[in-house]
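Examination of the molecular architecture
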Amino acid sequence: MINRILSAMLLSAALALPLAACKEEAAVKPTAITMTDEALGYYCQMYLADHGGPKAQVHEKGQEQPLWFSQVSDAVTYLRGGEKRGDVTAVYVSDMEKAPSWAEPGRDNWIDAEAAVFVIGSRQAGAMGMPEAIPFGSQKAADDFVAREGGAIVKLADIPDKYLGPANAEPPSHSDMQM
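Just so we're clear, the structure is a prediction, and the values are computed from it rather than from any experiment.

For the rest of this paragraph, the subject is the pairing of strand β1 (residues 56–60). Here β1 lies mainly inside the structure; 5 of its 5 residues are buried. Alternating positions in β1 separate into two faces, Ala56, Val58 and Glu60 on one and Gln57 and His59 on the other, with burial throughout. Two elements, β1 and strand β2 (residues 67–69), share 3 bridges in a ladder whose sense is antiparallel. From the neighbouring strand, Gln57 faces β2, where its bridge partner is Trp68. Where β1 folds back on β2, the antiparallel hairpin that results is connected by 6 residues, among which Gly62 adopts a positive phi of roughly 85 degrees. In this structure, β1 lies alongside strand β3 (residues 88–94), joined through 5 bridges in antiparallel fashion. Of the residues in β3, the one forming a bridge with His59 is Ala90.

Structure, rendered in structure tokens:
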């Protein structure tokens, strides 16, 4: 009887170890990757380093390299659209609070998109001359930007769908940004 109980306990432990390892593996989030001169925008196929403004990188399960985006709003469009190729494991955006300038958004100042605060509807156009969701690492930095450039502050999930995509050649009005 004791042998059966011990055998059952050992079997349970043996089965639990791989499951625990799977859970731990699934919980590991890939880290942001330094943007290089060779990083190409997913939609435009242009070198990101050639354009100012915030950038984004989207990591997908099973892919070693992220998808790069010339504008943050392009990455949000990708995340919400039907083009996603796989399971997204992480999304990082340029922290414009730490950017040297608009022209040089930085190569290593990434912030998790879920933790960022975004300014939409400001007077500052994105890299491709389109409306942009401008990410900041702190509420204060976003407030300071809004005081200078206008706009509204939102979290990633609250960026309005109609704000995204190439159909938006003009910045949205404040009435368009009502939630």
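This brings us to the pairing of strand β5 (residues 117–120). A two-sided burial pattern is seen for β5, the buried positions comprising Val117 and Val119 on one face and Phe118 and Ile120 on the other. Bridge count for β5 against strand β6 (residues 134–136) is 3 bridges, and the pairing is antiparallel. Looking at β6, one finds that Phe118 is bridged to Pro135. As paired elements, β5 and strand β7 (residues 152–154) share 3 bridges and run antiparallel to each other.

Here we come to the packing of aromatic side chains. Aromatic ring pairs: the centre-centre distance and the angle between the two ring planes describe each pair. Following the criterion strictly, the structure yields 7 aromatic pairs and no others. Measuring from centroid to centroid gives 5.6 Å for Tyr42 and Phe69, while their planes differ by 50 degrees, and the two rings are tilted. Of this pair, Tyr42 sits in the loop between α1 (2–27) and β1 while Phe69 sits in strand β2, and the two are 27 residues apart along the sequence. Linked through ring pairs, Tyr42, Tyr43, Phe69 and Tyr78 together constitute an aromatic cluster.

Basis of the calculations
Residues numbered from 1 in each chain as written. Predicted model: local features only at pLDDT ≥ 70, side-chain atom pairs only at ≥ 80, totals over all residues. Heavy atoms only, no water. Buried < 20%, exposed > 50% of the residue type's maximum accessible area, 1.4 Å probe, protein only. Helix = DSSP H or I, 4+ residues; strand = E, 2+ residues; numbered from the N terminus. Pairing = 2+ DSSP bridges. Phe/Tyr/Trp six-rings, centres within 6.5 Å; stacked < 30°, edge-to-face > 60°.

The values are spatial; any link to function lies outside them.
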